[in-house]
Amino acid sequence: MTLSLDLTTDATRDALRARAAAPFKGELIGLSREELAEALVSSGIVPERQAKMRVQQLWHWLYVRGVSDFADMFNISKDLRAELAKHFTIARPEIVEEQISSDGTRKWLFRFPPRGAGRPVEIETVYIPEEGRGTLCISSQVGCTLTCSFCHTGTQKLVRNLTAEEILAQLMTARDRLGDFPERDTPAGAIVPAEGRKISNIVMMGMGEPLYNFEAVKKALLIASDGDGLALSRRRITLSTSGVVPEIFRTGEEIGVMLAISLHATNDDLRDLLVPINKKYPLKDLIDACRAYPGLSNARRITFEYVMLKDVNDSLEDAKALVKLLKGVPAKINLIPFNPWPGTNYQCSDWETIEKFADYINNAGYASPIRTPRGRDILAACGQLKSESERMKKTERLALEAMMIAGHGEA
Ligand code: SAH
Ligand code: SF4
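What counts and what doesn't
Residues numbered from 1 in each chain as written. Chains lettered and ligands numbered in written order. Predicted model: local features only at pLDDT ≥ 70, side-chain atom pairs only at ≥ 80, totals over all residues. Heavy atoms only, no water. Helix = DSSP H or I, 4+ residues; strand = E, 2+ residues; numbered from the N terminus. Buried < 20%, exposed > 50% of the residue type's maximum accessible area, 1.4 Å probe, protein only. Contact = heavy atoms within 4.5 Å. Areas by Shrake-Rupley, 256 points an atom, 1.4 Å probe, with all protein chains shown as cover. Polar contact = N/O pair within 3.5 Å; in protein donor to acceptor, adjacent residues only side chain to side chain. Near = heavy atom within 4 Å. Nonpolar A, V, L, I, M, F, W, Y, C, P; charged D, E, K, R; others polar. UniProt positions renumbered as here; feature names shortened; annotations may be inferred. Pairing = 2+ DSSP bridges. Right-handed = clockwise from strand over helix to strand, strands pointing away. Axes fitted to C-alpha atoms, helices over the stretch in contact; angles between N-to-C directions. Parallel < 35°, antiparallel > 145°, perpendicular 65-115°, else oblique. Left-handed = near helix turned anticlockwise from the far one by under 90°.

Observations regarding the overall build of the chain
Okay, step 1: What the chain contains, in helices and strands, is twelve helices and 14 strands.
Okay, step 2: Scored against the burial criterion, the 411 residues of the chain give a buried share of 53%.
Okay, step 3: For the chain, the share of sequence-separated contacts (at least 6 apart) that also reach a separation of at least 24 residues comes to 68%.
Okay, step 4: Accessible surface, the chain as shown: approximately 18,200 Å² in total, 52% of it carbon and sulfur.

See below:
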């Protein structure tokens, strides 16, 4: 059974209208400590000598306590709270829809205001609860410029990059909804890990290519892993790339998270067809970049994702070629049964074929879990995400757009 909850109430619509009509306010979420200090001081509401202390207070309220309203920051004077609210916003994005799959997977459709693109955008975020952990799959772009032939997101043109604030907002709003901030309740009947944090892991595997939005992704992940705030361990954050070779080293050096590579083929001819960025950065360059990934060891391996496509890349020959290709790279192999979407020509490999493939790889010494498809009934599985903006009625979209432009002229 799938439960679909439409959260577009009159109240949220009114809030959206109010936001559009209000003068522009700076966002505090997504700023580094230095930027936060600068924003407070240059707005004239915090004297320079107090900046450090105020940043510390705000950081705690925003990222440890998860408040989304200045009024809740009790150790800050009423006057300063009012000034903060006048200049800045820490509001969560609009949740257009929340869907809950029969297996506990949740998918949220978030709507963010336009930022130069002229219209609001919508993106999807997915929560996957398991026995010992809860993983949040976060989007980095609206759509994707790349066109991997088996991926639903790839059929949607890029609308824009998400900002650091929008990337973090997915994590923070999901934590709100799951009761994963202190003193919050988890919704009755929700499927979450038995103990510990409801969201213990992050994967940058939603819509978009994270390494084509490097700066915003870096800022967001540094805040997500900040020990005095959201405090997710970098070892529990995985960034997946289709193979943007020039940014791979920086990912390890500057963000320090775990790396996953969408490999899917073991020769350039086939990979050119499945993952077209391969024409720019072929397999040899990609594997060389993987070998040079900072911090790589047997305890910190790279995950290679391999989607199982019937009669395309699923033979025993392919399995052998895969083992040969990855020789000497500390690697995990993640076999992903292809998740179908409307209009695709690909099919998922037979279960027996996937098992044979996995056996071969296991025997060669690789842990090769087969990723159980999750949330298929709500199109939340890998590669099925595609923002609903395309499905939004044209009249509705135009009305919203007109409203936004009329509101504060932000193009
Ligand atoms: N753009 C990044 C991250 C998002 S995709 C990347 O490509 O790595 C997350 C994973 O799902 C990638 O490995 C992607 O190749 C895979 N994927 C895409 N479409 C899929 C589908 N229909 N079925 C199964 N996996 C898919
Ligand atoms: Fe973009 Fe990743 Fe989909 Fe390729 S697999 S189209 S890079 S989201």
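Considerations on the environment of serine 149
Okay, step 1: Within the secondary structure, serine 149 is located in the loop between β8 (141-142) and β9 (160-161).
Okay, step 2: Separated by 125 residues in sequence, serine 149 and leucine 274 place their C-alpha atoms 5.3 Å apart.
Okay, step 3: Residue contacts for serine 149: discarding those within four places in its chain leaves Leu273, Leu274, Trp341 and Tyr346.
Okay, step 4: In this structure the side chain of serine 149 is engaged in a polar contact, spanning 3.2 Å, whose partner is the backbone oxygen of leucine 273.

Digging into the site of ligand 2
Okay, step 1: All residues adjacent to ligand 2 are Cys144, Leu146, Cys148, Cys151, Gly154, Gly208 and Ser242.
Okay, step 2: Classifying every residue of the shell around ligand 2 gives four nonpolar, three polar and no charged.

Focus: the UniProt feature "binding site: S-adenosyl-L-methionine" (unreviewed entry) in the chain
Okay, step 1: Here the UniProt feature "binding site: S-adenosyl-L-methionine" (unreviewed entry) sits at Gly208, Glu209, Ser240, Ser262, Leu263, His264 and Asn339.
Okay, step 2: What serine 262 contacts, discounting residues up to four positions off in sequence, is Ser240, Thr241, Ser242, Arg271, Val275 and Glu305.
Okay, step 3: Leave out the neighbours within four places in its chain, and leucine 263 touches Arg271, Val275, Leu283, Leu286, Phe304, Glu305, Leu322, Leu325 and Leu326.

Some words on the pairing of strand β13 (residues 302-308)
Okay, step 1: Burial analysis of β13 places seven of its seven residues in the buried class, which makes it a mostly covered element.
Okay, step 2: Because side chains alternate across β13, one face comprises the buried residues Ile302, Phe304, Tyr306 and Met308, and the other comprises Thr303, Glu305 and Val307, equally buried.
Okay, step 3: Where strand β12 (residues 258-262) lies against β13, three bridges are found, and the strand directions are parallel. In the sheet register, alanine 260 faces β13, and the bridge partner there is threonine 303.
Okay, step 4: As defined by bridge partners, β13 adjoins strand β14 (residues 331-337) across seven bridges and the pair is classed as parallel. Bridge assignment links phenylalanine 304 to a residue of β14, and that residue is isoleucine 333.
Okay, step 5: One crossover worth recording links β13 to the parallel β14 by way of helix α10 (residues 316-325), and it is right-handed.

What to know about the pairing of strand β11 (residues 237-241)
Okay, step 1: Most of β11 sits inside the fold, with five of its five residues counted as buried.
Okay, step 2: Taking every second residue as pointing to the same face, both faces of β11 are buried, with Ile237, Leu239 and Thr241 on one and Thr238 and Ser240 on the other.
Okay, step 3: In the sheet, strand β10 (residues 201-204) pairs with β11 via three bridges, with the strands oriented parallel. Bridge pairing links valine 203 to threonine 238 in β11.
Okay, step 4: Each parallel crossover has a hand, and for β10 linked through helix α6 (residues 214-224) to β11 it is right-handed.

Some points on the packing of α6 against helix α7 (residues 248-255)
Okay, step 1: One can describe the packing of α6 onto α7 by two numbers: an axis separation of 11 Å at closest approach and a directional angle of 25°. On the basis of the axis angle, α6 is roughly parallel to α7. The handedness of the crossing between α6 and α7 is right-handed. Contacts between α6 and α7 pair Phe214, Glu215, Lys218, Leu221 and Leu222 from the former with Arg250, Thr251, Glu254 and Ile255 from the latter.
Okay, step 2: Here the residues of the contact of α6 with α7 sort into four nonpolar, one polar and four charged.

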